[in-house]
Amino acid sequence: AEARSMESLEKQLICPICLEMFTKPVVILPCQHNLCRKCANDVFQASNPLWQSRGSSAVPSGGRFRCPSCRHEVVLDRHGVYGLQRNLLVENIIDIYKQESARPLHAKAEQHLMCEEHEDERINIYCLRCEAPTCSLCKVFGAHKDCEVAPLPAVYQRQKSELSDGIAMLVAGNDRIQAIITQMEEICHTIEENGRRQKQHLGLRFDALYGILEERKKELLQSIAAEQEAKLQRVRGLIRQYGDHLEASSKLVESAIQAMEEPQMAVYLQHSKELLKKITDMSKASMSSRPEPGYENMDHFSINVDYVAEMLRTIEFQTGA
């Protein structure tokens, strides 16, 4: 049970970048995950290649990277990872663990890794040609006697370092891809906002054109209405004049008919002279005033909008700045 507890504790003390036990100093990210400062700096440098290193004469700017454990975006100031808080609790736990465990990390697993060909021999060397771990007897008598070998810890550390660098590179690449995605999402938002604004501007421009057309339409309609009213007033005036003349003439005809029926000559002659004079005056009255031929025509108010319509069809967006 104690061994299982120690193994469980080991897993909690493994850096997700180098896959080794945390090395001092251990830094706490804003998401509360831990990294070796060196690993955090490697990831930060890979994600921010233009960042000025610490101690540079130029004033460094901040940068950002994503936590390899949860992908939370970590934003750092000009101090870089040196501005992150150290996790002294984890460092103390590591010290206690190392004091309680007299073996390196994964030592128990290595003790049980034995050679398949020589069951009593531990695997302790690495064949560089075959790229496989093996034991000393395999090198001396077995399948790897003609191969070049290297100590297992050296190859282990080198490959662990390569894997750590690969992880850091992938994490940095993921950060760059995420930054590109974020940038493109911002571009989409800007496109939508710019499109909305330009649609609004276009609507205002066409509304202004509609306003000009409506105003001009109103002015032209007023011109037609004014001449229409003037002509109607003149013709209606003439109608009244002819009507008055017709009424007076009709009354005079009635008076003349009544005079014709008078049987007494003396009475007839008393009124005939005046009646004849009225008939003569009525006959001589001038009623020649009438509208000229084509007076009712309003065709001169016709307009040709074909060229305007053609011009409107040529409305296009400006291509120049």
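Shown above is the structure to which this text applies.
Residues numbered from 1 in each chain as written. Predicted model: local features only at pLDDT ≥ 70, side-chain atom pairs only at ≥ 80, totals over all residues. Heavy atoms only, no water.

> Would you mind showing me how to read the sheet that holds strand β6 (residues 125-127) here?
Strand-to-strand pairing in sheets goes through backbone hydrogen bonds, with the strands running parallel or antiparallel. The sheet built from 3 strands is open, its strands ordered β7-β6-β8 with antiparallel pairing. With one partner strand each, in any of the chains shown, β7 (132-134) and β8 (149-151) form the two edges of the open sheet. With direction set aside, neighbouring strand axes in the sheet form an average angle of 35 degrees. Direction of pairing for β6 relative to β7: antiparallel, over a ladder of 3 bridges. Each bridged residue has a counterpart across the sheet, and for I125 the counterpart in β7 is T134. (Pairing = 2+ DSSP bridges. Helix = DSSP H or I, 4+ residues; strand = E, 2+ residues; numbered from the N terminus. Axes fitted to C-alpha atoms, helices over the stretch in contact; angles between N-to-C directions.)

> Mind showing me how you'd approach a nonpolar patch on the surface here?
A cluster of nonpolar residues, I177, I180, I181, M184, I187 and I191, forms a patch on the protein surface that exposes about 540 Å² of accessible area. Within the secondary structure, I191 is located in helix α6 (residues 152-260). (Patch = residues over 30% accessible without salt bridge, like charges linked within 9 Å, V, L, I, M, F, W, Y side chains within 5 Å. Areas by Shrake-Rupley, 256 points an atom, 1.4 Å probe, with all protein chains shown as cover. Salt bridge = Lys/Arg side-chain N within 4 Å of Asp/Glu carboxyl O.)

> Where do I start with unusual backbone geometry in this structure?
Working note: non-glycine residues mostly have negative phi, and peptide bonds are mostly trans. Residues other than glycine seldom take positive phi values, yet Q32 does so here, at roughly 75 degrees. Mapped onto the fold, Q32 is located in the loop between β1 (26-28) and β2 (34-36).

> What exactly am I supposed to notice about the packing of α6 against helix α7 (residues 265-284) here?
Pairs of packed helices are described in terms of their axes, by the angle between the two and the distance that separates them. It is the contact of α6 with α7, at a shortest axis distance of 11 Å, that shows an interaxial angle of 155 degrees. Our classification of the angle between α6 and α7 gives roughly antiparallel. Every pair of crossing elements has a handedness; the one defined by α6 and α7 is left-handed. Taken together, the residues of α7 that come into contact with α6 (itself represented by H245, A248, S249, L252, S255, A256 and A259) are Y268, L275, K278, I279 and M282. (Parallel < 35°, antiparallel > 145°, perpendicular 65-115°, else oblique. Left-handed = near helix turned anticlockwise from the far one by under 90°. Contact = heavy atoms within 4.5 Å.)

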